[in-house]
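Letter by letter, the chains look like this.
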Amino acid sequence: MKIIITCLICISCFSALAQTRGKVTVIKSPLIDSLINKRLELSKKAAAPTIKPNGPIVAQVGYRVQIFYGSDRRETFQEQSRFKAMYPKLNTYITYKEPNYYLRVGDFRTRLEAQRLMNELKPMFPTLFIFREKINAPALEENYD
């Protein structure tokens, strides 16, 4: 009899202490949804390359040749002007990542184009590397043969 009473007391305690399912209510500002939608629109625009009128395609992945790196800013700009004197039509890009400045040149769609320039520059610039990054791709030449 004692065992039955003990079991009944235990069962009633478990049922009294048992948790019931709750309901979660999310309270948020409607501005959050509009911000999420704007972010999605911007990411779609950035992913697709855009074409400027009479200009290059922007945000395309391609190749550049790094011709110089060093910690001296003046030396980097001297190397840039030396390169521009030899190749005035090619674009140059200087980036700074602590503690060095990096001078990269060209906007090449293929690695082969970058390799050709690198082979030309080997006698004049000792440290050359090819990097894959976003480029300002040149306009495509149209052939009507």
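Residues numbered from 1 in each chain as written. Predicted model: local features only at pLDDT ≥ 70, side-chain atom pairs only at ≥ 80, totals over all residues. Heavy atoms only, no water.

In this section: the pattern of salt bridges. Tallying each qualifying case throughout the model produces five salt bridges. The partner of Glu133 in a salt bridge is Arg104, with the nearest N and O atoms 2.6 Å apart. Residue Glu133 is located in strand E5 (residues 129–137), and its partner Arg104 is located in strand E4 (residues 100–108); the two are separated by 29 residues in the primary sequence. The network of salt bridges with shared partners includes Arg64, Arg104, Asp107 and Glu133. (Salt bridge = Lys/Arg side-chain N within 4 Å of Asp/Glu carboxyl O. Helix = DSSP H or I, 4+ residues; strand = E, 2+ residues; numbered from the N terminus.)

Our next topic: the packing of aromatic side chains. Counting across every chain of the model gives five aromatic pairs. Look at Phe83 and Tyr87: their rings are 5.2 Å apart centre to centre, the planes differ by 25°, and that puts the pair in the stacked class. A centroid spacing of 4.5 Å and a plane angle of 40° characterise the contact between Tyr96 and Tyr101, whose relative ring orientation is tilted. In this structure Tyr96 comes out as partly exposed when scored by relative accessible area, which is 45%. Judged by its relative accessible area of 17%, Tyr101 falls in the buried class. Each member of the aromatic cluster is reached from another via a ring pair, and the members are Phe83, Tyr87 and Phe125. (Phe/Tyr/Trp six-rings, centres within 6.5 Å; stacked < 30°, edge-to-face > 60°. Buried < 20%, exposed > 50% of the residue type's maximum accessible area, 1.4 Å probe, protein only.)

Further remarks concern unusual backbone geometry. The linkage connecting Glu98 with the following residue, Pro99, adopts the cis geometry, with an omega of 0°. Here Pro99 is to be found in the loop between strand E3 (92–97) and E4.

To continue, consider the nonpolar core. Formed by 16 residues in total, the largest nonpolar core has its most connected members in Val65, Ile67, Phe83, Leu117, Leu121 and Leu128. Elements represented by at least two residues in this core include exactly strand E2 (57–70), E4 and helix H4 (111–121). When residues no more than four places from it in sequence are discounted, the contact partners of Val65 are Leu103, Arg104, Val105, Phe108, Ala114, Leu117, Met118, Leu128, Phe129 and Ile130. (Core = buried A, V, L, I, M, F, W, Y, C linked by side-chain atoms within 4.5 Å. Contact = heavy atoms within 4.5 Å.)

A cluster of nonpolar side chains, namely Met1, Ile5 and Ile9, defines an oily patch on the protein surface of about 340 Å² accessible area. With respect to the helices and strands, Met1 occurs in the segment before helix H1 (2–17). (Patch = residues over 30% accessible without salt bridge, like charges linked within 9 Å, V, L, I, M, F, W, Y side chains within 5 Å. Areas by Shrake-Rupley, 256 points an atom, 1.4 Å probe, with all protein chains shown as cover.)

Time to look at the pairing of E3. Two elements, E3 and E4, share six bridges in a ladder whose sense is antiparallel. Each bridged residue has a counterpart across the sheet, and for Tyr93 the counterpart in E4 is Arg104. A loop of two residues connects E3 with E4, the two strands running antiparallel in sequence. (Pairing = 2+ DSSP bridges.)

With that settled, the discussion passes to H4. Looking at H4, one finds that the buried residues are Ala114, Leu117, Met118 and Leu121. Buried residues in H4, looked at end-on, bunch into an arc of 105°, giving them a common side. Across H4 from its buried face, at more than 90 degrees, point the exposed residues Leu112 and Arg116. (Arc of directions from axis to C-beta.)

With that settled, the discussion passes to the environment of Lys89. Residue placement: Lys89 occurs in the loop between helix H3 (73–86) and E3. Lys89 sits in the exposed class, given a relative accessible area of 82%. Taking the C-alpha atoms as reference, Lys89 lies 9.1 Å from Gly106; in sequence the two are 17 residues apart.

We now examine the confidence of the model for the chain. For the chain, per-residue confidence averages 81 on the pLDDT scale, and residues scoring 70 or more make up 77% of the total. At the low end of the mean pLDDT range in the chain sits strand E1 (residues 50–51), at 50; at the high end sits E3, at 92. (pLDDT = per-residue confidence, 0-100.)

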